[in-house]
Amino acid sequence: MTTRLRGVGVSPGMAIGEVRRMGAAPVEPPTRRIDPAEAPAEQKRARQATEGVAADLMARGNAAGGQAQEVLRAQSMMAEDPELITDVERRIAAGAGAERAVYDAFAGYRKLLAAAGDHLAARVADLDDVRDRIVARLLGVPMPGVPEGDEPYVLVARDLAPADTALLDPALVLGFVTEEGGPTSHSAILARALGVPAVVALREAARLADGTVVAVDGSTGEVLVNPSAEERAERARLAREREAERAAVTGPGATRDGHRVPLLANIGGPADVAAAVEAGAEGVGLLRTEFLFLDGGERAPSEEVQSTAYRQVLEAFPEGRVVVRVLDAGADKPLPYLTRGEEPNPALGVRGLRALLERPEVLAGQLRALARAAEGLPVYLEVMAPMVADRADARAFADACRAAGLKAKAGAMVEIPAAALRARSVLQEVEFLSLGTNDLAQYAFAADRQAGAVSRLQNPWQPALLDLVAMTAEAAKAEGKSCGVCGEAAGDPLLACVLTGLGVTSLSMASVALAGVRAALAEHTLAQCERAAAAARAADSAEQARLAAEATLAAR
Ligand code: PEP
Ligand code: MG
């Protein structure tokens, strides 16, 4: 008989297949007392186990690359944490067996992490995984992990740890179901990245045995256990229909009721153009020109070299909009011939437009190269400056564009809170604004983009960041000018709806994100997006803002 269960759908789509459970975590190790004379040998065994697990995690990370590598490296560091190892050794000296000492030392660490708020609490699963690996090694039992074999399956787990998910073969995993987790858990993030359906927070998942057939609906959160042949066929049909609906959402970005939101691509140079065109980008919302300069050696590339590269991009979007950002050097992108090396705080120093205004010949050369590249093409070229702080900055940039004979709209990026607060003043000098939410979050929250320890504050769902976006979009509307978003925030389908509701006029993102954002916008009306935006702004944390927006958009 079919049983219907309901969890939280976090990654849309339908997966029908047999359950394969994650390798069981080792049970709690027995309390084994040791003789004081055995302590040194036992401590050595514990050290070897932690070192072995740390090395294994690092090797898995190196094999996986990308974002998984960072997570696995962090886990490897957890395994080798000197305080933890000291604690383990102390417990062994007091008479505990190595496995028990590891288990208990991690329990203390776990409590601290779980109490440290939403963001760190989410790392508890990573810590448990490290503990289980060390204990398994000490007990000589198999590591917990993903099932092996060649048949596609629905992966069922208590929660998923990055060490395992990094090794998942996407061709074999039809979908995920987990007992724990939420929309921001690893399982959810990974499922979305792999594009497989997933349901989390399904308590009854503990009772799903290997080999049971399930139908997982990642859109609604429903899981059918032992569906009949007809039910399977019906679900599969529904899934095909939905898939077809999503694939059918092509063409220009718009809400369900036809409010246009051009969807543009963020690119680093001509090499990225093909993927942007393939993904249906309506143009380029951010061409990060610094890559051309950073590759260029001791001095700025010649105007000739620059204009050839720019022209390749412009030709790919005949009659499309292409927004080129002039060189954004400094801080995390130092350029020896342009930026100062000796600044104590480079992110707050002479970077972006400030560096270009100190070396006006570099800016003038770039603007002339752009003017040459656009000659005779029907493209709508727009040029913007990074790190504009105020009206004087905007005027200096607009003057430079005019002086170079550039027939393109000049714009300003809003990445500094002062520019958001005084957007109307900035708009007296330029034709459009583009919100760089990555840096805007960094400066609004005094949270270094590079520092993992403050990444909670980099979350683009932070209501304070949404307030700054709203303020900027309202100012642009009042001035009758456009205001897009080109920071990473634009690539999150749900947040894209919220940004639209806040009044931004275009969204620019990595090409891979375009289809998801296009489909999400097409599902909701502008009024729904506006309600979601208001609900998100009324929240007090990034997590609550996301949940509020999600609930509002689901309510229809
Ligand atoms: C931003 O800061 O949001 C942005 C788009 O620029 P970058 O990420 O290149 O600093
Ligand atoms: Mg920036």
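The structure reproduced in this document is the subject of the present report. (Residues numbered from 1 in each chain as written. Chains lettered and ligands numbered in written order. Predicted model: local features only at pLDDT ≥ 70, side-chain atom pairs only at ≥ 80, totals over all residues. Heavy atoms only, no water.)

Of regular secondary structure, the protein chain possesses 23 helices and 16 strands. Against the globule reference of 24 Å for 556 residues, the protein chain gives a C-alpha radius of gyration of 26 Å, in line with a compact fold. In terms of overall dimensions, the protein chain has a C-alpha envelope of 80 × 65 × 40 Å along the principal axes. Split into buried and exposed, the 556 residues of the protein chain put 51% on the buried side. Across the protein chain, the fraction of contacts at a sequence separation of at least 24, relative to all contacts at a separation of at least 6, is 67%. (Helix = DSSP H or I, 4+ residues; strand = E, 2+ residues; numbered from the N terminus. Rg over C-alpha atoms; globule rule 2.2 N^0.38 Å. Buried < 20%, exposed > 50% of the residue type's maximum accessible area, 1.4 Å probe, protein only. Contact = heavy atoms within 4.5 Å.)

Quick look at the coordination of the magnesium ion (ligand 2) now. Bound to the magnesium ion (ligand 2) are the protein donor atoms E415 (OE) and D439 (OD), situated 2.0 Å from the metal. Here the residue E415 occupies a position in the loop between β13 (409-414) and α16 (417-421), and D439 occupies one in helix α18 (residues 437-444), the gap between them amounting to 24 residues. According to the relative accessible area criterion, E415 is buried, its value standing at 2%. The class for D439 is buried, based on a relative accessible area of 2%. (Donors = N, O, S within 2.8 Å, 3.2 Å for Na, K, Ca; no water.)

Counting residues in each nonpolar core, the largest one holds 99 residues, and the members touching the most others are L367, F397, V498 and L507. With sequence-adjacent residues up to four places away left out, L367 is seen in contact with V326, V383, F397, A400, C401, A404 and L406. Listed in part, the 27 residues of the second largest apolar core include A46, I92, A96 and L127. (Core = buried A, V, L, I, M, F, W, Y, C linked by side-chain atoms within 4.5 Å.)

Next up on the list: the sheet that holds strand β1 (residues 3-6). The mixed open sheet is built from eight strands, whose spatial order is β1-β8-β7-β3-β4-β5-β6-β2. This sheet does not close on itself; its edge strands, each paired only once, are β1 and β2 (8-11). Averaged over all pairs of adjacent strands, the angle between strand axes in this sheet comes to 30°, irrespective of strand direction. Taken together, the five bridges between strand β3 (residues 14-21) and strand β7 (residues 213-217) define a ladder with antiparallel strand orientation. (Pairing = 2+ DSSP bridges. Axes fitted to C-alpha atoms, helices over the stretch in contact; angles between N-to-C directions.)

If you walk through the whole model with that rule in mind, you get three cavities of 30 Å³ or more. Counted as a void, the largest cavity has a volume near 60 Å³. Around the largest cavity sit 13 residues that line it, and G285, R321, S434, G484 and S506 are the ones nearest its centre. Sorting the residues of the lining of the largest cavity by element identifies β11 (321-325), β14 (432-435), β15 (482-485) and β16 (506-509) as the ones contributing at least two each. (1 Å grid on protein atoms, 1.4 Å probe; cavity = no way out; pocket = protein on both sides within 12 Å on 5 of 7 lines; lining within 4 Å. Points joined across faces, edges and corners; volume = space filled by probe spheres on them.)

Here we take up α18. For α18, a buried count of seven out of eight residues is recorded, marking the element as mostly surrounded by other parts of the structure. Listed as buried for α18 are T437, N438, D439, L440, A441, Q442 and Y443. The secondary structure elements touched by the buried residues of α18 are β10 (283-288), β13, α16, β14, α19 (463-478) and β15. Downstream of α18 by one or two residues, A446 has phi in the positive range, about 50°.

Next up on the list: the pattern of salt bridges. In the structure shown here, the tally under the stated rule is 36 salt bridges. We note a salt bridge from E180 to R203, for which the minimum N-O separation is 3.9 Å. Of the two residues, E180 sits in the loop between β5 (173-178) and α8 (186-194) while R203 sits in the loop between β6 (198-200) and β7, which places them 23 residues apart along the sequence. Owing to a relative accessible area of 28%, E180 belongs among the partly exposed residues under this scheme. With relative accessibility at 58%, the residue R203 sits in the exposed group. Taking the shortest distance from any N to any O, the salt bridge between R372 and E304 comes out at 3.7 Å. Remark: E304 occurs in helix α12 (residues 303-316) and R372 occurs in helix α14 (residues 360-374); sequence separation between them is 68 residues. (Salt bridge = Lys/Arg side-chain N within 4 Å of Asp/Glu carboxyl O.)

As a further point, take the site of ligand 1. Surveying the vicinity of ligand 1 reveals 14 residues, the closest of which are R288, E415, G436, N438 and R449. Separating an oxygen atom of ligand 1 from a side-chain N or O atom of R325 is a distance of 2.9 Å. Separating an oxygen atom of ligand 1 from a backbone N or O atom of G436 is a distance of 3.3 Å. Computed on the free molecule, ligand 1 has an accessible area of 290 Å², of which 97% lies beneath the protein chains in the complex. Among the elements that take part in the shell around ligand 1, α18 stands out by supplying three residues, more than any other. Considered class by class, the residues forming the shell around ligand 1 number three nonpolar, four polar and seven charged. (Near = heavy atom within 4 Å. Polar contact = N/O pair within 3.5 Å; in protein donor to acceptor, adjacent residues only side chain to side chain. Areas by Shrake-Rupley, 256 points an atom, 1.4 Å probe, with all protein chains shown as cover. Nonpolar A, V, L, I, M, F, W, Y, C, P; charged D, E, K, R; others polar.)

In this section: the sheet that holds β14. Pairing within the closed barrel is parallel, and its eight strands lie in the order β9-β10-β11-β12-β13-β14-β15-β16. When strand polarity is set aside, the average angle formed by the axes of neighbouring strands in this sheet is 25°. Sheet strands in contact with α19 are β13, β14 and β15, and its direction is about 150° off that of β15. In the packing of helix α21 (residues 514-523) onto the sheet, contacts are made with β9 (263-267) and β16, and the angle to β9 comes to roughly 160°.

With that settled, consider a negative patch on the surface. A cluster of like negative charges, contributed by E18, D150, E151 and D210, occupies part of the molecular surface. Checked against the element boundaries, D150 lands in the loop between α6 (124-139) and β4 (153-157). Classification of D150 as exposed rests on a relative accessible area of 70%. (Patch = residues over 30% accessible without salt bridge, like charges linked within 9 Å, V, L, I, M, F, W, Y side chains within 5 Å. Lys, Arg positive; Asp, Glu negative; His and termini not counted. Charge placed at Lys NZ, Arg CZ, Asp CG, Glu CD.)

Positive phi is not limited to glycine here, since A201 has a value of about 55°. Among the secondary structure elements, A201 is positioned in the loop between β6 and β7. The residue M387 is not glycine, and still its phi comes out positive at about 60°. Among the secondary structure elements, M387 is positioned in the loop between β12 (380-385) and α15 (391-403).

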